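# Working through the structure, step by step
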Amino acid sequence: MNAPAIKHYLQFADFTADEYAYLFERAALIKRKFKNYEKHDTLADRTLAMIFEKASTRTRVSFEAGMYQLGGSVVHLTTGDSQLGRSEPIEDTARVIGRMVDLVMIRTFEQVRIESFAAHSRVPVINGLTNEFHPCQILADIFTWIEQRGSIAGKTVAWVGDGNNMANTWLQASEVLGFTVHVSTPSGYEVDQSVAGLRSPRSYKVFADPLDACRGADLVTTDVWTSMGYEAENEARRQAFARWCVDETMMRAARPGALFMHCLPAHRGEEVAAQVIDGPQSVVWDEAENRMHVQKALMEYLLLGQQ
Ligand code: CP
C-alpha cells in the first residue's frame, strides 16, 4: 500500500475553503480548552523542529508553547547555530531532519528555499514566514476576524503599505475565502500578482491614495515599512512610505466598527499611529495570541488529519 501523500503548508493557497472552515472550527475548540485549562495533548510524543533564518518573537513562542501544550516537544535551530550557516545544502538538511522529527516549521528568505526543503522532506513543512508569504499570520488574522465579526466572505480588507509577504498572503486568502482587498502601496512597492501567486486580479483593487483604500473597508491592516531582510533600504523606504501611516482619519473613512490589525512588531508613528494601534478598533493582541491556537490546529491537521 502507498503511504499517504505528505501535506505541507507553504502558502495560503495550499488549502481549500473547506479545509480552512475545519481549521477555524478546530482552533476555536482548542482555544476554548486552553482557556479552561483542559488538556488537549493530541500530539503526545511528536516532535517539531523549528528553523529560524530570521528573528522572531511571536512565531517562536506560539509554535513552541503550542507544541508543548499538544503534548509534543520542540527542537529549535537557527542559521548561526546549525550547519545551515556553514553552507550545508538545504536539501541535505531536509533529508536529515525529516528522519528525526515529525514536523518542521521554517522561517527563511526566498520561498524557493522552503519549497526545496519541502521537496526533500518526508515530514510536513510549515512556512513560518518567507520573503513572499506569511500564511500562519493570515490564518490567525482571519480566525481573529471570525471571532469578532463572523464570516469574512464578501467583506473588504484595506491593505495600507508595503506590497510585501503579508500583502501577498492577504491577496491569496481573498481568492480562497471570497473577500475583496483594497491595496494601497507607495509607487515602486506594489504587489506583484505573479509573485503573490494569484489566479486573477478580480479579488483586489489598487488605490494610489491610502485614504481611498480605507473608504468602506471592514478591516484596515498594515505592516512595517521595512520587512526583515530589506534593512539596507530603510532610509529610502522611510521617505517613500511617509503617507502610508494608518491614522484616525483613515479609520474614520472605514466602515463604522471596522477593525484594525497588525501582525507585529509595530512602529508607532511610522506605519500606524499610536491612537489607532492602542485604540478601541485594534485587535492586535488577540491576533498575536491566536497565532498559537490556529497553529495548534494546523499542526494537528497536518499530522493527524481531521479529528
Ligand atoms: N508576526 C510575526 O511573525 O511576529 P514575529 O516576527 O515576532 O515572529
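What counts as what
Along each chain, residue indices are assigned from 1 in the same order as the chain's sequence is written. Residue-level local features of this predicted model are given only where pLDDT is at least 70; pairs of side-chain atoms are given and counted only at 80 or more, and the full residue set underlies all totals for whole chains, interfaces and linings. Water and hydrogen atoms play no part in the side-chain values, which are based on all heavy atoms of the structure. For two strands to pair, DSSP has to find at least two bridges joining them. Under the scheme used here, helices are H or I runs from DSSP no shorter than 4 residues and strands are E runs no shorter than 2 residues, and both carry numbers assigned from the N terminus. To obtain an axis, a line is fitted to C-alpha atoms, over the contacting stretch when the element is a helix, and the angle between two such axes runs from 0 to 180 degrees between their N-to-C directions. Throughout, a contact is declared for two residues whenever any of their heavy atoms are within 4.5 Å. Orientation labels follow simple angle bins: below 35 degrees gives roughly parallel, above 145 gives roughly antiparallel, 65 to 115 gives roughly perpendicular, and whatever is left gives oblique. In this scheme the crossing of two helices becomes right-handed for a clockwise turn of the near helix relative to the far one and left-handed for an anticlockwise turn of less than a right angle. Under the convention adopted here, Pro, Cys and the residues Ala, Val, Leu, Ile, Met, Phe, Trp and Tyr are nonpolar, Asp, Glu, Lys and Arg are charged, and Gly plus all remaining residues are polar.

## Regarding the sheet that holds strand 3 (residues 103-107)
One key point about sheets: their strands pair by backbone hydrogen bonds, in either a parallel or an antiparallel sense. Spatially, the four strands line up as an open sheet ordered 2-1-3-4, and their pairing is parallel. With partners counted over all chains shown, the strands left at the sheet margins are strand 2 (73-78) and strand 4 (125-127), one partner each. In this sheet, adjacent strand axes meet at a mean angle of 20° when their direction is disregarded. Docked against the sheet, helix 4 (residues 111-119) engages strand 1 (47-52), strand 3 and strand 4, running at close to 170° with respect to strand 4.

## Quick notes on the packing of helix 3 (residues 90-97) against helix 4
At their nearest, the axes of helix 3 and helix 4 sit 8 Å apart, and the two run at 40° to each other. Regarding the angle of helix 3 to helix 4, the classification is oblique. You can see that helix 3 and helix 4 cross each other, and the crossing is right-handed. Taken together, the residues of helix 4 that come into contact with helix 3 (itself represented by Ile90, Glu91, Thr93 and Ala94) are Arg113, Ser116 and Phe117. Looking at the contact of helix 3 with helix 4, its residues break down into three nonpolar, two polar and two charged.

This is a description of form; function is not addressed.
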